[in-house]
Structures are given as C-alpha cells and as structure tokens.
Amino acid sequence: MRTLICGSIAYDTIMVFHDRFKNHILPEQLHILNVAFLVPDLRREFGGCAGNIAYNLGLLGGEPLIMATVGDDYLPYDERLTKLKLSQQHVRRIPNTFTAQAFITTDLDDNQITAFHPGAMNHSHENHVADARDVKLGIIAPDGREGMLQHAREFDAAGIPFIFDPGQGLPMFGGAELNAFVDQASYVTVNDYEGQMLQERAGAKLEQLAKKVKALVVTLGARGSLVITNGRSIEIPPVKPEQVVDPTGCGDAFRAGLLYGIIAGLDWPVTARLASLLGSIKVASRGGQNHRFTRDEIVQRYQEAFGSKPW
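Residues numbered from 1 in each chain as written. Predicted model: local features only at pLDDT ≥ 70, side-chain atom pairs only at ≥ 80, totals over all residues. Heavy atoms only, no water.

**Student:** Pulling in residues and values, what's your account of a nonpolar patch on the surface?
**Tutor:** Among the surface-exposed residues, Leu30, Leu33 and Val35 lie close enough to one another that they form a single nonpolar patch of about 260 Å² accessible area. Relative to the assigned elements, Leu33 resides in the loop between strand 2 (10-16) and strand 3 (41-47). (Patch = residues over 30% accessible without salt bridge, like charges linked within 9 Å, V, L, I, M, F, W, Y side chains within 5 Å. Areas by Shrake-Rupley, 256 points an atom, 1.4 Å probe, with all protein chains shown as cover. Salt bridge = Lys/Arg side-chain N within 4 Å of Asp/Glu carboxyl O. Helix = DSSP H or I, 4+ residues; strand = E, 2+ residues; numbered from the N terminus.)

As structure tokens, this is what we get:
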C-alpha cells in the first residue's frame, strides 16, 4: 500500500479584505499601482499538494510517503506530520531557504490576489524516487519544474506506475515535455481548464492522450468528473457537499481517492466516486487539512450518495 507522493509542502497564509478590490484599484492608474489593503482576518494553514494528498490518503488507511523539500521554517509542519503519524523519511530540508508559501488576499467578491514563494520547492530535484523502498504507486503533483521532470523519468525507469497531476504547474511545460509526461505515466488527472491547456500544448485531444495511459481523469467541479479509459468515457456524478466553505485542497482530496482506489484494486466507477466524495467532504471546511473522516464514515456517506458500498 506504500504510495510515493511527490509534490509541494507549503504554508498558506489567507487574509480577508472587508471590501472590494475594485473600489480601491483605479483602472486608469494601473501603471503606477500602489495600494494597501487592511486585512483584519488572517489565518495560516498547512498546505501544499503533497501534504494535502498524504493527509487524505492517510485518513483512508493508505500508506503515503511524502517526497518534498522544505526550508528552515518547517518545524510547525514537522510537528503536525509527526502527530498525524505521516512518514517524513523523504522530506528533505534545504538550508537557508523558506518552505514554499502562498500569501492570499481575498475580497468580499471572492476575488483573490496571490503571491507565491517557491523557496525550497525549487530544490525538489535533490530527492530521488529510488531512495524510497517498496513503493507500489506514485503521483507527481505540482512541485519544482526540474523535480517534476526528473521524478517522472525515475518512476518510469523503476517501472513504478504513477499519476501525472500537473495542476497549477502545467504552464511551466511545453508540448514536448507534456507529451513525455503522458508517455511515462500510467494515469493522468487534470481539471477542465487544465485539460484544455494540455490539449493545446500537447497538440492532441484528451481522447488521444488517454490512449497512452490506463486512465485519464478530468474533474468538472460541481458537474462531477469524467474518466476516459479503454476507449470509453465514464461520467461520474458529483456529491452534494453539506456546505460550500472553501475549495482549497479539493483537488488534492480527489487525487487521494484516486490513489487509494488504484492501489486497492477498485474499478474505475468506484474509484472516481470515492474521489468525488472526498472532494465534497473537503469543500465543507476551511483549509486543505482541517476536515476529518473515518473509513466507516466513508462507507456510510458513499452508500448515501451512490446506493452501494465502496468495499
């Protein structure tokens, strides 16, 4: 059940501006923009794609191994992962750097201004897939550019199946590189916007790219998801969340469901429905790692949503 999660560990600092950006930004003065926003509400969340995916996979009963690079400010995250009993064997500390972090300011219209500092994430290529033992499955989530390219080659050379999940890192790569990722991967997952970009840059429709892998999964937000496998498309219905609070980390929860389903040998309809359920659970709470569930609760909620049990 050991699953290698290659991706980012990050802190998310979220600030809320109790007004609207449009009331303070003058379009005709954008060339001399100089604004300051008072943000009474501030919170700091544990995040990063690898951290979020591992958190959800751990709750499901999987055995995630995080492979990431972090900075001198890692101690609070270290303490959290230790408390959660998630392996840090392949979390490498890079001296004189900060852990990757996003600074997000949100206004009352849910518009966001984000500044992202990659920090130690740019050193992700210093980790190697071969350093992890007895791995049955992997995922390449958004990370440092060179690390993502290298880890794909290393998974391929080791014969370890993996999911290619480019996420917000997709724009870093050209068509030839994206086609190489797909050729090396066993599975690909993107959201609908990333799917359009992947098609344009790779020069091929998703249906064509899907022929190169065991499955290509496209998430469609509130419309559910689509699994393209063995020449057919399987539409997966969404799961209505208890409430919509924060979409941050929903995609990572979904990916954890995919990883669990694959390594547990579940069929694609069940795997994708499980992933959809995890995304709906996450959206009902703030941050990427503040929701909780047990395996028994998953069985119950899956049965309520789909009329059957996942296992």
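From this point on, the discussion continues.
**Student:** Quick rundown of the pattern of salt bridges? Include the residues and the values.
**Tutor:** Overall, the coordinates contain 11 salt bridges when judged by the stated rule. Between Arg43 and Asp246 there is a salt bridge, with its nearest N and O atoms 3.4 Å apart. Here the residue Arg43 occupies a position in strand 3, and Asp246 occupies one in the loop between strand 13 (232-236) and helix 7 (250-264), the gap between them amounting to 203 residues. Its relative accessible area of 8% is what places Asp246 among the buried residues. The salt bridge partner of Arg255 is Asp165, with a shortest N-O separation of 3.2 Å. One end of the pair, Arg255, is in helix 7; the other, Asp165, is in the loop between strand 9 (162-164) and helix 4 (175-184), with 90 residues separating them in the sequence. In this pair, the class of Arg255 matches that of Asp165, namely buried. Among the charged side chains, a network of salt bridges with common partners joins Arg43, Glu45 and Asp246. (Buried < 20%, exposed > 50% of the residue type's maximum accessible area, 1.4 Å probe, protein only.)

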